[in-house]
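Summary of structural features
Here's the letter readout for the chains.
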Amino acid sequence: QVQLVESGGGLVQTGGSLRLSCQASEGTFSSYNMAWFRGKEREFVAGINWSAGYTRYADSVKGRFTISRDNAKNTVYLQMNSLKAEDTAVYYCAATYCSRGVVITGNEYDYWGQGTQVTVSS
């Protein structure tokens, strides 16, 4: 069982930046591909494979958000720049076994964090 804990959310003005972190309890963190989703409908935001050699982004965040990971720290990050009001949501990190690839469908992910609120004020 992998436990995921997000942090770094908050209130920021339009055009500002935030960095989200998600720390995993599992020692075999590098066995998982990781992703960030947002909102009640679990919209895919960004994903990264186990080795950080491949990343994938939703069109709405390309060029503004960057996903990265540090396997030594069991942590995945989401750097969010040029934030817009429409980025306001609860952000969740999720883990899937690396054999599945970096998929964009939430039900392909096995483990989820509790979420962290991001609010962008205009």
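Report follows, based on the coordinates. Everything numeric in this text was worked out from a predicted model, so none of it was measured. (Residues numbered from 1 in each chain as written. Predicted model: local features only at pLDDT ≥ 70, side-chain atom pairs only at ≥ 80, totals over all residues. Heavy atoms only, no water.)

Points about the packing of aromatic side chains
- Enumeration according to the criterion identifies 8 aromatic pairs in this entry.
- Relative to F44, the ring of F37 has its centre 5.7 Å away and its plane inclined at 75°; by these criteria the two rings are edge-to-face.
- Clustering of aromatic rings is evident, with ring pairs tying together F37, F44, Y92, Y109 and W112.
- A cation sits over an aromatic face here: R42 above Y92, 3.8 Å from the ring centre.
- A cation over a ring is seen here: R42 above W112, with NZ or CZ 4.7 Å from the ring centre. (Phe/Tyr/Trp six-rings, centres within 6.5 Å; stacked < 30°, edge-to-face > 60°. Lys NZ or Arg CZ within 6 Å of the ring centre and 35° of its normal.)

Some thoughts on the nonpolar core
- One finds L4, M34, W36, L78, M80 and Y91 to be the most contacted residues of the largest nonpolar core, which totals 36 residues.
- Contact partners of L4, with chain neighbours within four places excluded, come to C22, Q23, A24, M34, C93, A94, A95, Y111, W112, G113 and Q114. (Core = buried A, V, L, I, M, F, W, Y, C linked by side-chain atoms within 4.5 Å. Buried < 20%, exposed > 50% of the residue type's maximum accessible area, 1.4 Å probe, protein only. Contact = heavy atoms within 4.5 Å.)

What about the pattern of salt bridges?
- One pass over the full model with this rule turns up 4 salt bridges.
- Where K62 meets D59, a salt bridge forms, and the shortest distance between an N and an O atom there is 3.2 Å. Taken as a pair, K62 and D59 share a single burial class, namely exposed.
- Here R64 and D87 are joined by a salt bridge, their closest N and O atoms 2.7 Å apart. Of this pair, R64 sits in the loop between strand 6 (55-57) and strand 7 (65-70) while D87 is found in the loop between strand 8 (75-80) and strand 9 (89-97), placing the two residues 23 residues apart along the sequence. (Salt bridge = Lys/Arg side-chain N within 4 Å of Asp/Glu carboxyl O. Helix = DSSP H or I, 4+ residues; strand = E, 2+ residues; numbered from the N terminus.)

Let's talk about the state of the cysteines
- Scanning the entire structure with this criterion turns up 1 disulfide.
- Sulfur-sulfur distance for the disulfide between C22 and C93 comes to 1.9 Å. Across the S-S bond linking C22 and C93, the dihedral sits near 45°, which makes this disulfide right-handed. One end of the pair, C22, is in strand 3 (residues 18-24); the other, C93, is in strand 9, and 71 residues separate them in sequence. Here C22 and C93 have matching classes, each one buried.
- Lacking any disulfide linkage, C98 is separated from the closest cysteine sulfur, that of C22, by 17 Å.
- Its relative accessible area of 35% is what places C98 among the partly exposed residues. (Disulfide = S-S within 2.5 Å.)

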